[in-house]
Amino acid sequence: MKRVLLTLFFSLLCTHAAFAVAGSEKLADPRLEARAVALQKELRCVVCQGQSLDESNAPLAADLRHLIRVRIKSGDSDEQVEQYLVARYGDFILMKPPLEPLTYALWFGPLGILLIGGAAVALVIARARKRLDSAS
Amino acid sequence: MTGEIGQLALALAFALSAVMAIAGLAGARETASQSRAVASSAAIGMFVFVALAFGALMYAFVTSDFSVLNVAQNSHTAKPMIYKITGVWGSHEGSMLLWVFVLAIYSLFIVFAQRGSARLTSAALGVQGLLACAFLLFILFTSNPFLRLDPPPFEGAGLNPLLQDPGLAMHPPMLYIGYVGLSAAFSYAAAALITGEADAAWARAARPFMLLAWIALTLGITLGSWWAYYVLGWGGFWFWDPVENAALMPWLIATALLHSALATERTGAFRSWTLLLAILGFSLSLIGTFLVRSGVLSSVHAFASDPTRGVYILLMLVVAIGGALALFAWRAPQLQSGAAFEPVSKESALLLNNVLLSAAAATVFIGTLYPLLLDAMTGQKISVGPPYFAITFAPIFVVLILIAPFGPRLGWRNGDWRQALRVLMPALGIAVVAALAVLAIVTPRSLVAAMAFALGAWTISAAVIDLMKRGNIRALPIGAFASALAHLGLGVTLLGITGTTMWRSEALELLKPGQSMEIAGYTLRLEGVQLLQGPNYIAQHATIDVLSNGHRIAVMSPEKRAYPVEGQATADTAIRTTGFSDLYLALGDERGGGWVVRAYVSPLAPFIWFGGAFMALGGVAGLWGRLRPRRVAAATRLAAAE
C-alpha cells in the first residue's frame, strides 16, 4: 500500500526531471522523430515559465508533443505544424517571435543600437585623432 | 526576543543610514571635515546594526523559531543545518536583508579603504547611505522578515527543495556581492560628479570595487549556470530565462566598465563614459532586483494584483537611476576628457569593446523586457526564447571575441596593428588548424561548429602568446596575468559552449530492469530502482551500469527525490565527467514497470565552468596587482620616513 501511495505521490508532483517522449510514443521513422524533436525545441510550454515543450513535463506539454507527432505523421510540414499550434495558442507558443510591425523594435533594436554606437565611436576616434594633430 | 532585537536593529540601522546620507553628502564640501567623521561613524554603526539584524534572523532559522513568520514559512526542523542557514536568504524578505547586509559591508570597505580624497570618500558614503536608507525602508514597510506568528505552528513549511543544494546555497550571496558591489562603483561615480574629481585618481580609487563586483558576478553566474545544469535535469546550462538575464546584463556592463576605467586610469580618457557605465551597471542591478523580486516576470497580472513591493522598487528605481542620470547630465559636460589618440590604439580597441558589450547588454535588455512591455501595452503575448538570442546576441559576441586578443597587444595612444598581427600569427595558425581538424574528424560536418571552435582556440592561444610576450612568466607581477587569464577563460567557455550545443548526443528510453540503451559508444543497463530514505526526502534511486566495449566502467545512480513536507519533487542527476566530456543521466517517471531514462553525452561541457573560473581568477589577479603595489609603496614611504 505504501508503495502504491508513494508511486502516486511521485507521479502527481510536477518534477523537474526530463521525460519527454519515450519508448512506444516515439515515431517509428527516425527522420520524422528528429523533426518532431526539433519542433518541440522551438515551441514553448504554454503553462510553464520559460521551458520549451522538449523540456517541460506538464501534462499539456505531453499532449502537445503527442499532437506534433500526429500532425507530422499525417503529412504536415514543419511550418504547417507551427501554424496549427499558433492558430490555437497564439504567437506565445513560438520561442522565436515572428517578425511583424509590433516586433520590429525587438528584432531591429539591437542592430540600431550597434549602428548608433558604432557611429559614436567613429566620431570619438575622429576627434581624438584631430586633437593629436593639433597638439603636435 | 530575537525577533524584536532584529526589528529594533533594523530601525536603528535605518536611522543611521539617514545620518550617513546627510553627513556624507555634506562632507563633500571642502571645509566639512566634521561631517565626514560623522558619516564614517554612521557607516560603521549601520554595519553593526544590520549585522545584528542579520544575525538575529539567522539565529531564528538555526533554532527553528517558528514564532517568526518568515522562519515558519521557509524552514523545517528536519532540514539539514546548512539549509537552515541558507534558508535565511531563501525567501524574499531574507534575501532583501542579505542585500542590505552586503551594502553595509561595502560601506565599511569604503570607510576603511579610504581610497581617493576625503571629499570623494565622504560623498560616496553619502550615496551609499541614500541607497541603504531606501532599502531599509523597503524592508521595514513591505518585507519585514521579523513579523511574528501567534500562535506559532508546531512545524515549519520547509524550503523549496530546488534551493536545498550546495551550489545554489552559495549562489545568492555570490550574486549579491556582485550586484551590490556595483553600488560602490555607482556611489563613487556619483561622488565624482558631485565633487568634480572624475580624474585618473578617481578611477584608481573605484577600480578595486568594480573588480570585486565583477569577480563575484562572474562566479555567481557560473555557479548558477552549473546549478541549472546538474539540477534541472535536461542538460542545458543557460536558458535565457529572465532571471538569468537579470544577472547577465550587469555583468556585461561591469565588463565594459572595467575596460573603460582602464583607459580613464591610465590616460584620463573616456571619463564621462566610465562614469555613465558605473551608473548603468548598478541601475541594471536594481532593474534585475525589480524583475526578480516584484513578481512582474511570472505575469504582468500577478504584479498588478499585489503591486506594493513592485511599485516601491519601481519608485526607488526611478529615483536612483533618474537622479544619477540627471546628475550626470548636469555635471558630465564639465568633464572634458580631451583624449588624443590614433585610430589604431588601445583606446580605440577599448572603445570598440565597450560599444559591443553595451550593445550585447542592450540586446539582452530588449529581449527580456519586450514581452512584458508588449503585454502591458497591447495585451499581445509573445515569447522571446533562445532562438532570438542566437540570432541577435551571438553575432555581437562573436565579433567581440574575434577582436579581443588585439586589445592587449596594442599600445596606448598609438598602436601598430601589423606588429600585433605578427605577434598573434601563431594563434591564427592554431585556430585554422583547429577548424580544419574539426571539419576532418567530427561528424556530422558543421562549418558553424568549426568556426566556433576555431574562435575559442584563437582566444586561448592568443592569451597565452600575450602572456609569454610580456616577459619571463615567473618574474611577471601578478597584475600582468589579469587580462590574459580573463581572455583565456572566455575562450575556454566558448569551447565548452561549442561542444555542448553542437556535439551533444541525446537519448531517451523507457527501460525495464535488465534492459539497456545506447548512447555515444556507451551502453547503459538499468539494474533496478529502489526507494531510499534521505534526511528530509524519499528518493527513487536507480542503479545503472555503464558499459564501454562490453566492460563495466561505472555504476551511476540518478535519483528522483520527493520532499513530503514541501510537496515537491526534484531530480538528482548523475554526472560522470572526465573533465573533457560529461555522461549525464536523469531519471524520469515510472510507466508500466519501466522507467524513463534520459541520457546525454556532452563533450567539453565542464569547460563552460572552467572558463568562468579562469575569468574570475583573472579578476583576482587584477585585484591583487591593484592592492599590492599600494601596500609596497606605503611600506617604502614608511621606510623613507624613518
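Because the structure is a prediction, the values reported are computed rather than measured.

Attention now goes to the interface of chain B and chain A. Between chain B and chain A, the contact holds 55 residues from the first and 43 residues from the second. Secondary-structure elements contributing two or more residues to the side of chain B that touches chain A are α13 (346–378), α14 (386–403), β1 (505–511), β4 (538–548), β6 (559–563), β7 (568–572), β9 (581–591) and β10 (594–603) of chain B. The element that contributes the greatest number of residues to the side of chain B that touches chain A is α13(B), accounting for 13 residues. Tallied by class, the residues present in the side of chain B that touches chain A amount to 31 nonpolar, 15 polar and nine charged.

Next up on the list: unusual backbone geometry. Residues and elements named next belong to chain B. Cis geometry marks the peptide bond from Asp150 to Pro151, where omega comes out at 0°. Along the chain, Pro151 falls in the loop between α6 (118–142) and α7 (166–195). Unlike most non-glycine residues, Phe270 shows phi in positive territory, near 55°. Mapped onto the secondary structure, Phe270 falls in the loop between α9 (242–267) and α10 (271–293).

Turning next to the pairing of β6(B). Residue and element names in this part refer to chain B. Of all the five residues making up β6, five are buried; the element is thus mostly covered by neighbouring parts of the structure. Relative to β6, β4 is paired through four bridges, and the arrangement is antiparallel. Paired with Gln540 across the bridge in β6 is Lys560. Where β6 meets β7, five bridges bridge the pair, whose relative direction is antiparallel. Each residue of the ladder has a partner; that of Ala562, found in β7, is Ala569. The turn linking β6 back onto β7 is made up of four residues, and Gly567 within it adopts a positive phi angle of 65°.

Below, the discussion takes up the confidence of the model for chain B. Mean pLDDT over chain B stands at 89; residues scoring 70 or higher make up 96%. Interface scoring of the predicted complex returns ipTM 0.84; its pTM is 0.92.

For the rest of this paragraph, the subject is the nonpolar core. Residue and element names in this part refer to chain B. Met46, Val100, Phe135, Ala185, Tyr188 and Met210 are the most contacted members of the largest nonpolar core, which has 209 residues in total. Top element by residues in this core is helix α8 (residues 200–231). It accounts for 19 residues. Leu524, Val546, Leu583 and Ala599 belong to the second largest nonpolar core, which has 24 residues in total.

Scoring rules and cut-offs
Residues numbered from 1 in each chain as written. Chains lettered and ligands numbered in written order. Predicted model: local features only at pLDDT ≥ 70, side-chain atom pairs only at ≥ 80, totals over all residues. Contact = placed C-beta atoms within 7 Å. Helix = DSSP H or I, 4+ residues; strand = E, 2+ residues; numbered from the N terminus. Nonpolar A, V, L, I, M, F, W, Y, C, P; charged D, E, K, R; others polar. Buried ≥ 20, exposed ≤ 12 C-beta atoms within 10 Å, placed from the backbone. Pairing = 2+ DSSP bridges. pLDDT = per-residue confidence, 0-100. Core = buried A, V, L, I, M, F, W, Y, C linked by C-beta atoms within 7 Å.

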